[in-house]
Amino acid sequence: MTRSPVLVKGGKVLDPHGELDQPPIADIFIQEGRIAAIGPAGSLDCGKEARVIDARGMLVTPGFINTHYHSHDVLLRGMFEQLPLEVWGLYSFPSSYPRRHDDEIRTRTLLGAAENLRCGVTTVQDMATIVGPDRNHVDALLSAYQQAGIRAVVALQFGDRAAADTVPFWRDQLSPQALSQLGGDIDPAPMQDFISALLAMPRSERLTWALGPSAPQRCSEQLLTWVARISEEFDLQVFTHVYETRSQAVLARVSYQADNSSLVSLLARLGLLNKRLTIAHGVWITDSEIEQLGGASANLAFNPISNLKLLNGVAPIRRYADAGVNIALGCDNCSGNDAQNIFESMKAFALWWGLQSEVGESGAARKAFQAATLGGAKALGKESEIGALQPGMRADLVLMNLDDPSFVPLNSAVRQLVYAGTPRAIHTVLVDGEVVVEAGRTRLFEESRLGDAARKFQSCLCDDHRAVSERMAPLAREILEIHRTIANHPIEIDRLRLNDTGSTK
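Residues numbered from 1 in each chain as written. Predicted model: local features only at pLDDT ≥ 70, side-chain atom pairs only at ≥ 80, totals over all residues. Heavy atoms only, no water.

1. Structural notes on the overall build of the protein chain
We apply this condition: Each helix corresponds to a stretch of at least 4 residues labelled H or I by DSSP, and each strand to a stretch of at least 2 residues labelled E; elements are numbered beginning at the N terminus. What the globule rule says is 2.2 Å times the number of residues to the power 0.38, and the radius of gyration is computed from C-alpha atoms. Any two residues having at least one pair of non-hydrogen atoms within 4.5 Å are treated as being in contact. The protein chains shown are the only cover counted for residues, whose accessible areas, like all others here, come from Shrake-Rupley with a 1.4 Å probe. The charged-residue count follows a simple rule in which Lys and Arg add positive charge and Asp and Glu add negative charge, with His and chain termini not counted at all. Where a charge sits is defined by one atom per residue type, namely NZ (Lys), CZ (Arg), CG (Asp) or CD (Glu).
In terms of regular secondary structure, the protein chain is built from 16 helices and 19 strands. In summary, the protein chain has a C-alpha radius of gyration of 22 Å against a globular reference of 23 Å for 505 residues, a match within 12%. Its C-alpha atoms give the protein chain principal-axis dimensions of roughly 75 × 50 × 45 Å. At a minimum sequence separation of 6, the contacts of the protein chain that also span at least 24 residues come to 77%. Carbon and sulfur atoms provide 50% of the accessible area of the protein chain, an area that totals close to 19,700 Å². Distance between charge centroids for the protein chain: 3 Å, based on 49 positive and 59 negative side chains.

Here it is, written out as C-alpha cells:
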C-alpha cells in the first residue's frame with residue numbers, strides 16, 4: 001500500500017537514545033510508513049506532496065508499547081477489587097461465561113484498542129483468551145485490530161492441565177464438589193491444530209502472531225515442548241505468566257523438585273529459556289532464577305499496577321536489570337488494573353526502581369521511559385522496527401502538548417513525562433505514519449458508536465456475571481481458606497515487603 005509522505009515539523013523530539021531532559025527541536029520526514037530522515041527544524045526538503053503535521057509546542061516520542069495485555073475482559077472493567085488472583089480468575093476468565101456474541105468480541109477489542117491508542121500505546125501484545133478453537137471469535141478480534149490501526153502482536157492463551165493441579169494444596173484440600181466444578185485435564189490437540197492453521201495465514205505489517213502458553217504450571221511438558229519447537233521453527237516470541245503470585249512460588253517448591261523447585265529451570269529444560277521468551281510479572285522469583293533469565297537474554301514484562309491490585313507485591317526490577325534481563329512494561333487486564341494507561345505503569349516503574357535503589361541515585365524516569373519503548377520493542381522481537389525515533393524505523397509517534405500543565409515549565413522532559421504526564425496531553429498518534437488519533441480522539445472509527453455497542457452488551461454480560469458469581473461463591477470460599485494456608489507456608493522470599501533482604505538463592 002502506497003502512503004503519502006508526512007513531515008512532522010518543529011516538535012521536541014524525545015528519542016530514548018538521545019537527550020531526555022531538554023530534547024532538540026527537529027523535523028521528522030516519513031515515507032512509506034517509516035522514518036526517512038530527522039533533522040533540525042526547517043532543514044529537510046520534503047517536496048510539496050508531503051502532508052505537514054505542525055508539531056511546534058509539542059513533545060514527540062516513540063509510540064509506547066504495552067507488552068502485556070488481555071483484550072478478553074475489557075467489558076469487565078470496574079467489577080472487582082481486593083481479590084487474590086485465584087479468586088479473581090473464577091469471576092473473570094472467559095471459560096466461566098457462556099460463549100460471547102461475535103460482535104461483542106469485536107466491540108471489546110476495539111474499545112481496548114481505542115483506550116490504548118488514546119494513551120499513546122501504538123503496539124499491544126494481546127495474550128487473548130479464545131475459548132476453544134473458535135475461528136469466528138479470532139476473526140472478530142483480528143478485524144477489530146485492523147480497523148483500529150494499532151499494531152498488535154497476538155498470542156492466543158492456552159493450557160492443558162487441570163486447574164486443581166496448578167495451585168498448591170487444591171488437589172488435596174478442595175471438596176469433591178469443588179474439584180468437579182474445576183474440571184480435569186484438557187486435550188490440547190484441537191488448540192494446537194487451530195494455532196498451527198492460524199500461523200499459516202499471511203502476516204501483515206501491523207498484525208503478527210506469537211505463542212501464549214498460559215503459565216508453565218498450566219501446561220504439560222509435552223505441550224511446552226511443542227511450544228519450544230514451534231517458536232524455533234517459525235521464529236515466534238513466547239509470552240507466559242511466571243511467578244505472578246506467592247502460590248506459584250510455593251507450587252514450585254512442593255511440586256517441581258525435579259527441576260530444582262524452579263519453574264524457570266523447567267522452562268530451561270524444555271527449551272524455552274532464550275531471547276524469544278518473555279515472562280509476565282516475575283514477582284515471586286529468586287535471585288538465582290533471575291540470573292538464569294539474564295544469562296539466556298530473556299525478557300520481563302513488568303506489570304506494577306495489576307500486581308498491586310491483585311495483592312501480589314512487586315517484582316525486584318533492579319535485580320532483573322543488574323542480571324541483564326530486558327525489562328518491558330505492561331498494563332495487564334482491564335478487570336485487574338483497570339486501565340491501559342502506560343503513564344501509570346511508567347510512574348509506578350520509576351517509583352519502585354527508586355525504592356529498590358540506593359538513596360541518592362538517579363535515572364529512574366529514564367529507565368521507565370526506556371522500558372515503555374526500547375524494552376517493549378526488544379521483548380516483541382521488533383527492536384529494529386519500533387521503540388525509537390531513528391531513520392529506517394516504523395513511524396509510530398506520539399505528539400503531546402507542551403502547554404499541558406504537566407509540562408509547564410519544562411525542566412526535564414523525561415521526568416515530567418514519567419512522573420507528571422497523563423494521556424490528557426496527547427494530541428496526535430501515528431502508526432506507520434498514519435494518523436490514528438487526532439485532537440485526542442480516535443480517527444479510524446467513531447468512539448460514540450463504540451460506546452453505544454458496549455452498553456448494548458452490558459446488560460447481558462452483567463446478568464451472566466451475576467450467575468457466575470453465584471455459581472462460584474462456594475468454590476471461592478474454599479479457595480480463600482487454602483489461600484490462607486499458602487500465605488503461611490514458609491518460603492525464603494517476601495515480595496510484599498518494600499525491600500526484601502531474605503536469602504534468594
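2. Focus on the pairing of strand β18 (residues 434-438)
A regular strand places its side chains on the two faces of the sheet in alternate fashion. Filter applied, for reference: At least two DSSP bridges between two strands are required for those strands to pair.
Bridging between strand β17 (residues 426-431) and β18 involves four bridges; their strand directions are antiparallel. In the sheet register, leucine 430 faces β18, and the bridge partner there is valine 435. Counting the residues that bridge the hairpin from β17 to β18 gives two residues, and of these aspartate 432 lies at a positive phi of roughly 55 degrees. When β18 meets strand β19 (residues 441-442), the two strands line up antiparallel, connected through two bridges.

3. Here's the deal with the side chain of aspartate 396
Heads up, the condition is: We call two N or O atoms a polar contact when they sit within 3.5 Å, provided that within protein one can donate a hydrogen and the other can accept it, with sequence-adjacent residues counted only if both atoms are side-chain atoms.
Looking at where aspartate 396 falls in the secondary structure, it is placed in the loop between α14 (364-379) and β16 (397-401). For aspartate 396, the side chain forms a polar contact with the side chain of arginine 151, separated by 3.0 Å. One polar contact links the side chain of aspartate 396 to the main-chain amide nitrogen of aspartate 432, over a distance of 2.9 Å.

4. Regarding the sheet that holds strand β15 (residues 326-329)
Cut-off, in case you're wondering: All axes here are fitted lines through C-alpha atoms, helices being fitted over the stretch that makes contact, and every angle between N-to-C directions spans 0 to 180 degrees.
Read from one edge of the open sheet, four strands run β12-β13-β14-β15, paired in parallel fashion. Two strands bound the open sheet, and with one partner strand each, they are β12 (238-242) and β15. When strand polarity is set aside, the average angle formed by the axes of neighbouring strands in this sheet is 30 degrees. Sheet topology note: the strand β14 (residues 299-302)/β15 ladder contains four bridges and is parallel. In the sheet register, leucine 300 faces β15, and the bridge partner there is isoleucine 327. Against the sheet, helix α13 (residues 342-355) makes contact with β14 and β15, and its axis sits at roughly 140 degrees relative to β15, the strand it touches most.

5. Side note on the side chain of arginine 276
Stated precisely, the cut-off is as follows: Exposure classes here rest on a 1.4 Å probe applied to the protein chains alone. A residue is buried below 20% of its type maximum, exposed above 50%, and partly exposed in between. For this analysis, a salt bridge means a side-chain nitrogen from Lys or Arg found within 4 Å of a carboxyl oxygen belonging to Asp or Glu.
Structurally, the position occupied by arginine 276 is in the loop between α9 (263-269) and β13 (277-281). Although buried, arginine 276 forms no salt bridge, and the nearest oppositely charged side chain, aspartate 235, lies 4.6 Å from it. Of the polar contacts made by the side chain of arginine 276, one reaches the side chain of serine 231; its length is 2.8 Å. Excluding residues that lie within four positions of it along the chain, arginine 276 makes contacts with Ser231, Glu232, Asp235, Leu236, Gln237 and Val238.

6. Observations concerning the nonpolar core
Inclusion rule: The term nonpolar core refers to a set of buried residues drawn from Ala, Val, Leu, Ile, Met, Phe, Trp, Tyr and Cys, joined through side-chain atoms within 4.5 Å.
Judged by nonpolar contacts, the single largest core of 140 residues is most densely connected at Phe64, Tyr145, Leu156, Phe302, Tyr320, Met346 and Met400. Here this core takes 11 residues from helix α16 (residues 447-488), the largest share from any one element. Dropping the residues within four chain positions of it, phenylalanine 302 is found in contact with Val314, Ala315, Ile317, Ile327, Ala328, Leu329, Gly330, Phe349 and Trp352. One finds Ile28, Ile53, Met58 and Leu399 within the second-largest nonpolar core, a separate group that totals 17 residues.

7. Concerning the packing of aromatic side chains
Selection criterion: Centre distance within 6.5 Å is the pairing criterion for rings of Phe, Tyr and Trp, where only the six-membered ring of Trp is used; planes under 30 degrees apart are then read as stacked, over 60 as edge-to-face, and the remainder as tilted.
Under the criterion given, the structure shown has seven aromatic pairs. An angle of 15 degrees between the planes, with centres 6.4 Å apart, marks the rings of phenylalanine 80 and tyrosine 91 as stacked. Residue phenylalanine 80 is located in the loop between β6 (64-69) and α1 (85-92), and its partner tyrosine 91 is located in helix α1; the two are separated by 11 residues in the primary sequence. Comparing phenylalanine 80 with tyrosine 91 shows no difference in burial state: the two are buried. An angle of 70 degrees between the planes, with centres 5.8 Å apart, marks the rings of phenylalanine 302 and phenylalanine 349 as edge-to-face. Placement of the pair is phenylalanine 302 in strand β14 and phenylalanine 349 in helix α13, with a sequence separation of 47 residues. Judged by relative accessible area, which is 0%, phenylalanine 302 ranks as buried. We classify phenylalanine 349 as buried; its relative accessible area is 1%. Ring pairing ties together the aromatic residues Phe64, Phe343 and Phe369, which thus form one cluster.

Limitation: the analysis is restricted to geometry and does not speak to function.
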